[in-house]
Amino acid sequence: MGTQRKILLAMIALMLIAFIVSIVAIRINKKRENLIIELSQEALEITRNEVVKDQESKLYRIIYDYTYWDDFVNFIQNPDEEWAEENISTILSSFGLNGLWMIDLNQKVLYSNFVNQLGSYVFEKDLLSDLHEKRFVNFYDFINDELFLFYGATIHPTSDADRLTDPFGYFFLVKKWDEELIDNIQKISDCELFFMSGIDTLNLSNINNTIQSSKALYNWKDEQVGSLIFIRTLPLLNLNKQISNQMQLFISSSVLGMILIIILLLNRLVSRPLKLVGEIIEKEDVTKIDRLKQSSSDFARIGNLIEKFVDQKKELEYTMHLAQASDRLKTAFLNNISHEVRTPLNGIVGATLLISDPSISLPEREELSELIQISTERLLRTITEYMDISLLNSDSMPIFISDFKMSELIKPLNEEYAKACCLKNIAYKNNFDALPVGFILRTDKNLLGKVLQHMLENAVKFTSEGSVSLLIYKKPQSIEFNVVDTGVGIEKKFHSQIFVHFEQEDSSNMRQYDGSGLGLAISKKICDLIGAEISFDSEKGKGCSFKIVLPL
Ligand code: ADP
């Protein structure tokens, strides 16, 4: 398995573990949150009950203490406002209360003191009857949207703390749930507190990180007149939620990270190598194979296969090229045979038939004999060239290196080609006389002679006016043979093919110049064999200059 794939799997495994751990942690956190809410809710309900009970029991203590008192009984029997002012009215300021009423058994108010809002408050007959029976009553009432806690008790002699005797009258105390009281409660209970009248319930569950509890408030008829609502903020819940949010953020980022890493690695491991494969195959861009081989192991294997495939394809193309070349060669050879062998043979056969006719004149007979001679020479030259190319191609051309005088090589050539030029009415030039007398050369004389012959043969053949020159220059390390003519020259596009066998600028059967198309191929191969270098320079219509450099 490739290293990159291992890293990919390890990263996915790590991300999965992180993902699972985070999910578990979130679930634990959620449970903890529920537990916090549950416990806090219970605690809030206890606080709420305690707060309400505390307010009610404060009032109960006061009213209990005052209502078993002989002086109070006396007051009911003989109401004395001064006494009430001095002894009862002070309750309001002493205990921070807001109203009091002293009522006799006939439900007549004997003395009262209260804040303005309570001015029109009337204690119903049934309430007093109820109180008469129960000895104590407490209830809530809303007056002008203000909440009041009422506490009532029956009046008894000092000796009857348990209120077993018949009551002498009734006493009511009222405490208003004012801002000061609510502030105090809020401070002590660590809650926000407010009240509302009516029986509507308030849905506060959507307030973040808080819990709520409400206490129903009843009037003396046991009808709900409103509610007290306690709201407590839970910092722990907030903290818990923050942790939970962070976890969710962590999960989201790890999932995102996982996806990103997978995309990146997929791109690196699959998409990019696939693209490379596409480019290599489509555009045959083999330079990219090395890059592909550096990819993951599978693609490296594909890279190796493609490389093999490309190599095989190249080999096949080369073989096909060779086959095509060989086919071309065969066709050229056949064409050549047909032209270069049959033409002189036809000449020889025709002339031989005619020459035996006794009626033809002597000059005609001489002409025919010359034709037979030219055709035979041409045929001989062609066959020699076939032999030479075949020997050279099979590396079996014999080579004889020897020392010889330059004159032995050049003089016969000069004679032969001066004559040939003369026949074509063109000049033949050579600089042989400028060379040191008796200059000795060491190479295969016969082969070098063949090369120069081919050069001169072509020069004369392709030149109809001007000159043909054989120029020899002695250089410090080499000797240079130049065959220069002023003939038809060679088209630039044909330059690269000039040394290939059977290649001729005009190879048609109707061509103006005869020749096997082997001369230059033979010359090139011989030069390679004797360690010489052959090159040429030519422009169409401006003649040719062939150069053979032979190291000394
Ligand atoms: P060929 O028997 O046709 O002369 P070569 O191999 O000697 O065969 O030459 C190949 C071809 O090169 C010729 O057919 C001709 O087109 C061109 N060529 C060679 N030498 C010359 C030259 N001196 N001037 C013009 N063309 C030449």
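Up top is the structure these notes are about.
Here the structure is a predicted model, which is why all the values come from computation and not from measurement. (Residues numbered from 1 in each chain as written. Predicted model: local features only at pLDDT ≥ 70, side-chain atom pairs only at ≥ 80, totals over all residues. Heavy atoms only, no water.)

## With respect to the state of the cysteines
Reasoning step 1: Counting across every chain of the model gives zero disulfides.
Reasoning step 2: Cys 422 forms no disulfide, and the closest cysteine sulfur to it belongs to Cys 421, at a distance of 8.6 Å.
Reasoning step 3: What makes Cys 422 exposed here is its relative accessible area of 57%. (Disulfide = S-S within 2.5 Å. Buried < 20%, exposed > 50% of the residue type's maximum accessible area, 1.4 Å probe, protein only.)

## Overview of the pattern of salt bridges
Pairing of side chains with opposite charge becomes possible as their charged atoms draw close.
Reasoning step 1: For the coordinates displayed, the defined rule picks out twelve salt bridges.
Reasoning step 2: With a shortest N-O distance of 2.8 Å, Asp 388 and Lys 450 are connected by a salt bridge. Pair noted here: Asp 388 is in helix α10 (residues 362-393) and Lys 450 is in helix α12 (residues 445-461), with a separation of 62 residues, a long-range link. Residues Asp 388 and Lys 450 agree in their burial class; the two are buried. (Salt bridge = Lys/Arg side-chain N within 4 Å of Asp/Glu carboxyl O. Helix = DSSP H or I, 4+ residues; strand = E, 2+ residues; numbered from the N terminus.)

## Quick notes on the packing of α10 against helix α13 (residues 519-530)
Reasoning step 1: Close contact between α10 and α13 brings their axes to 10 Å; oriented N to C, the two are set at 40°. Taken together, the axes of α10 and α13 are oblique relative to one another. The interaxial crossing formed by α10 with α13 has left-handed handedness. Taken together, the residues of α13 that come into contact with α10 (itself represented by Glu 385, Asp 388, Ile 389, Leu 392 and Asn 393) are Ala 521, Ile 522, Lys 525, Ile 526 and Leu 529.
Reasoning step 2: Looking at the contact of α10 with α13, its residues break down into six nonpolar, one polar and three charged. (Axes fitted to C-alpha atoms, helices over the stretch in contact; angles between N-to-C directions. Parallel < 35°, antiparallel > 145°, perpendicular 65-115°, else oblique. Left-handed = near helix turned anticlockwise from the far one by under 90°. Contact = heavy atoms within 4.5 Å. Nonpolar A, V, L, I, M, F, W, Y, C, P; charged D, E, K, R; others polar.)

## Observations regarding α12
Reasoning step 1: Relative to the 24 Å expected for 17 residues at 1.5 Å per residue, α12 spans 24 Å between its end C-alpha atoms, a close match to the ideal helical length.
Reasoning step 2: The buried fraction of α12 amounts to twelve of the 17 residues, a majority that puts the element mostly inside the structure.
Reasoning step 3: For α12, the full list of buried residues reads Leu 447, Leu 448, Gly 449, Lys 450, Val 451, Leu 452, His 454, Met 455, Leu 456, Asn 458, Ala 459 and Val 460.
Reasoning step 4: The N-cap residue of α12 is Asp 444: its side-chain oxygen and the backbone nitrogen of Asn 446 are 3.1 Å apart. (Expected span 1.5 Å × (residues − 1). Polar contact = N/O pair within 3.5 Å; in protein donor to acceptor, adjacent residues only side chain to side chain.)

## Considering the nonpolar core
Reasoning step 1: Ranked by internal contacts, the top residues of the largest apolar core, which has 55 residues, are Met 406, Ile 410, Leu 441, Leu 452, Phe 481 and Ile 548.
Reasoning step 2: With eight residues, the top contributor of residues to this core is α12.
Reasoning step 3: When residues no more than four places from it in sequence are discounted, the contact partners of Leu 452 are Leu 409, Ile 410, Leu 413, Leu 470, Phe 481 and Ile 548. (Core = buried A, V, L, I, M, F, W, Y, C linked by side-chain atoms within 4.5 Å.)

## Remarks on unusual backbone geometry
Reasoning step 1: Within the chain, Arg 163 stands out as a residue other than glycine whose phi angle is a positive 55°.
Reasoning step 2: Take Arg 163: it is sitting in the loop between β4 (146-155) and β5 (169-176).
Reasoning step 3: On the basis of relative accessible area, Arg 163 is assigned to the buried category, the value being 4%.
Reasoning step 4: Residue Asn 425 is not a glycine yet carries a positive backbone phi of 65°.
Reasoning step 5: Along the chain, the position of Asn 425 falls in the loop between α11 (406-424) and β10 (427-430).
Reasoning step 6: The class for Asn 425 is exposed, based on a relative accessible area of 70%.

## What to know about the packing of aromatic side chains
Reasoning step 1: In the structure shown here, the tally under the stated rule is 23 aromatic pairs.
Reasoning step 2: Ring geometry for Trp 101 and Tyr 121: centres 6.5 Å apart, planes at 55°, overall tilted. Here Trp 101, found in strand β1 (residues 99-104), pairs with Tyr 121, found in the loop between β2 (109-114) and α5 (125-134); they are 20 residues apart in sequence, far enough to count as distant.
Reasoning step 3: The exposure class assigned to Trp 101 is buried, which follows from its relative accessible area of 3%.
Reasoning step 4: By way of ring pairs, the aromatic residues Trp 101, Phe 114, Tyr 121, Phe 123, Phe 139, Phe 150 and Phe 172 are connected into one cluster. (Phe/Tyr/Trp six-rings, centres within 6.5 Å; stacked < 30°, edge-to-face > 60°.)

## Thoughts on the sheet that holds strand β8 (residues 224-233)
Strand pairing in a sheet relies on backbone hydrogen bonds. The paired strands run either parallel or antiparallel.
Reasoning step 1: Strands sit in the order β6-β8-β7 across an open sheet of three strands; the sheet is antiparallel. The open sheet has two edge strands, β6 (192-197) and β7 (210-218), and neither has a second partner. Across the sheet, the axes of successive neighbouring strands diverge by a mean angle of 20°, strand direction being ignored.
Reasoning step 2: Where β6 meets β8, six bridges bridge the pair, whose relative direction is antiparallel. (Pairing = 2+ DSSP bridges.)

## Here's the deal with the packing of α12 against α13
Reasoning step 1: It is the contact of α12 with α13, at a shortest axis distance of 9 Å, that shows an interaxial angle of 150°. Relative to α13, the element α12 lies roughly antiparallel. In this structure, α12 meets α13 at a crossing whose hand is left-handed. Counting all contacts with α12, which are made through Leu 447, Leu 448, Lys 450, Val 451, His 454, Met 455 and Asn 458, the residues of α13 involved are Gly 519, Leu 520, Ile 522, Ser 523, Ile 526, Cys 527, Leu 529 and Ile 530.

## Observations concerning a positive patch on the surface
Reasoning step 1: Taken together, Arg 268, Arg 272, Lys 275, Lys 283 and Arg 291 make up a surface patch of like positive charges.
Reasoning step 2: Of all the elements, helix α7 (residues 235-283) adds the most residues to the positive patch, at four residues.
Reasoning step 3: Relative to the assigned elements, Lys 283 resides in helix α7. (Patch = residues over 30% accessible without salt bridge, like charges linked within 9 Å, V, L, I, M, F, W, Y side chains within 5 Å. Areas by Shrake-Rupley, 256 points an atom, 1.4 Å probe, with all protein chains shown as cover. Lys, Arg positive; Asp, Glu negative; His and termini not counted. Charge placed at Lys NZ, Arg CZ, Asp CG, Glu CD.)

Nothing here speaks to function; it is geometry throughout.
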